[in-house]
Amino acid sequence: MGRDQRSWRPDLNDDGELCDMDVSGWIRTEFRAAEFGDKRLTDRLVQLGDELGSSPAESIPASCEDWASTKATYRFCDNESVEPTEILSAHKQSQRSRVSGGDELLVVSDTTYLTFPRHPAKDGLGDISSSDIDVEGVKLHTSVGIRPDTQQMTGVIDQQVLVEDQQAGNTYSTNGKDDPILLENEHEKWLRGDREAAKWLPEDVRPIFVHDRGGDAFSLYEELSKESANAGFVVRANQNRRVLTEGGEGGKLFDWSSDLAERGRNSIEIQQGGGREARTAEVSITAGTCELRAPRNNPDQEGSVEVNVVRVDEVTEAGDPIQWVLLTTESVETFDDILAVIEYYGLRWRIEDWHKVLKSGCKIEERQLQTWERMEVLLSVYSVIAWKVLELRELARGEGSVAPEILLSEAERAVLETKFPELSGQSGKAYAVHVAKLGGYLDRGSDPPPGWETMWKGLQKLRMWAEGYELGAE
């Protein structure tokens, strides 16, 4: 990006110890504040998070290790007092310490499909079909927090599970174990998530809502622009909207922005995905200000909304060159301001990584509880676990000096030091990189930092070896 690449590390106290974190159970503190009206249920959630978090890719019986614990897990998911929203509420309470201390927080939202083609029971699932697939499942719309000053992903802020009745043309929020809520339209999920985040954040933290093209809705700009002092947005445009330029001339967004004067060039790291190879893209950057005019097909919307626009066009040769038109409340006065807007949008990739961890690392689509109500409880737990897996990856990529005791148990460190004797006395980052090596990371000079998949494979292998080490010590 041309800006300083910032890293983060977990919060440490004066003695270099991890604050409010039990190393033997990485996510225990995320669930301790849950209130179900019965302390035994909270204790069970903490234990469940520890068990599933120790081996997210395993089946529930394999993670729980015995029938009594497995049965207790199924009963927990089926308990009427256990609401998915309360599980995430406990995580959000723990998350507040990670949010505090910054003036702003990026609230990044996106939607993914969870499909269950092999699920024996379909109770509670909706239609997910197109020309090439015909299965049942749900849409998962999630908002996560990312601190722009450290790029730390603070956790899950809001989560909506949506089911679609394509025959009736309706979309519902499952609303946990309460009655489903009918959404007026597909765009409502974005505003619902943004409102929930704004309501939850401390008053001294200004949210900046970051959305991909699915969040391009005039109603969103209309609502958030009224709160520009207290909230902002960066949204990639999907529609070639009618605009009024600063000179009062009418036009179309994409056409007008293509004629803006270049403000500078930079390079952007493009992640692999959607058939696109990872690469470094050289881009031309323009920026300006215009008014978005209300759409003609909605009589309830009128007038216009002033926005700043940042346009990014790839100039290097590529089969699928990137082209972003970003609409924002944030300043574009200087080139650094413009780069900040692009950086904020680029951090949207983090939620896509979270989706991958949830599906591939935690295998949420392979879980087979009988009803979606039970599955949604499990989803809330795995959503927090997926965030923690990404936190581990960021620790391996970070530049800070963190003690290895924060990352690994005594047995895991002993096994790793036996395998790699040169590790003794090094930082937590060095240990994390060597965990990734167990997962296939080569650590050559030209290699990028380890990804979550190699990190996770290495961690699974290390934990298996550590269990053998502990059994031998007994």
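Before reading on, note that the structure itself is shown above.
The residue numbering used here restarts from 1 in each chain and proceeds along that chain's sequence as written. Since the coordinates come from a predicted model, pLDDT governs what is reported: local features require at least 70, and pairs of side-chain atoms require 80 or more to be given and counted, while whole-chain, interface and lining totals use all residues. With hydrogens and water set aside, each side-chain value is computed from the structure's full complement of heavy atoms.

S.K.: Could you give me a rundown of the overall build of the chain, with the residues and numbers involved?
M.R.: Secondary structure follows DSSP: runs of H or I at least 4 residues long count as helices, runs of E at least 2 residues long count as strands, and numbering of each begins at the N terminus. Within the chain, the regular secondary structure consists of 15 helices and 14 strands. Out of the 474 residues in the chain, the part that is buried amounts to 52%. What makes two residues a contact is simply this: any of their non-hydrogen atoms within 4.5 Å. Taking all contacts inside the chain whose residues are at least 6 apart in sequence as the whole, residues at least 24 apart take part in 63%. Computed by Shrake-Rupley with a 1.4 Å probe, the accessible areas treat only the displayed protein chains as cover when residues are assessed. Here the chain displays about 21,900 Å² of accessible surface, and carbon together with sulfur accounts for 42% of that area. Partly exposed describes any residue whose relative accessible area lies between the buried limit of under 20% and the exposed limit of over 50%, with all areas from a 1.4 Å probe on protein chains only and scaled to the type maximum.

S.K.: Requested: an account of the nonpolar core, with residues and values cited.
M.R.: Residue types Ala, Val, Leu, Ile, Met, Phe, Trp, Tyr and Cys, when buried and joined through side-chain atoms within 4.5 Å, form a set referred to as a nonpolar core. Core analysis: the biggest nonpolar cluster contains 91 residues, and Val310 and Trp354 have the highest contact counts within it. Ranked by residue count, the leading element in this core is helix 11 (residues 372–397), at 14 residues. Not counting residues up to four positions away in its chain, the partners in contact with Val310 are Ile285, Thr286, Ala287, Trp324, Val325, Leu326, Val332, Ile338, Val341 and Ile342. Judged by nonpolar contacts, the second largest core, of 32 residues, contains Trp190, Phe218, Val243 and Ala294.

S.K.: Tell me about unusual backbone geometry, and name the residues and values.
M.R.: The residue Glu65 is not glycine, and still its phi comes out positive at about 75°. Residue Glu65 is classed as exposed on the basis of its relative accessible area of 64%. You will see that Gln151, though not glycine, has its phi angle at about 65°, which is positive. Among the structural elements, Gln151 can be located in the loop between strand 3 (134–146) and strand 4 (153–165).

S.K.: Pulling in residues and values, what's your account of a negative patch on the surface?
M.R.: Think of a patch as exposed residues, more than 30% relative accessible area, with no salt bridge, where like charges cluster within 9 Å and nonpolar side chains (Val, Leu, Ile, Met, Phe, Trp, Tyr) cluster within 5 Å. By salt bridge we mean one thing: a side-chain nitrogen of Lys or Arg within 4 Å of a carboxyl oxygen of Asp or Glu. Counted as positive: Lys and Arg. Counted as negative: Asp and Glu, with His and the chain ends omitted from the count. For the purpose of locating charges, the reference atoms are NZ of Lys, CZ of Arg, CG of Asp and CD of Glu. On the surface, Glu65, Asp66, Glu410, Glu467, Glu470 and Glu474 cluster together into a negatively charged patch. Examined against the element boundaries, Glu467 turns out to sit in helix 15 (residues 452–473). Given a relative accessible area of 47%, Glu467 falls into the partly exposed group.

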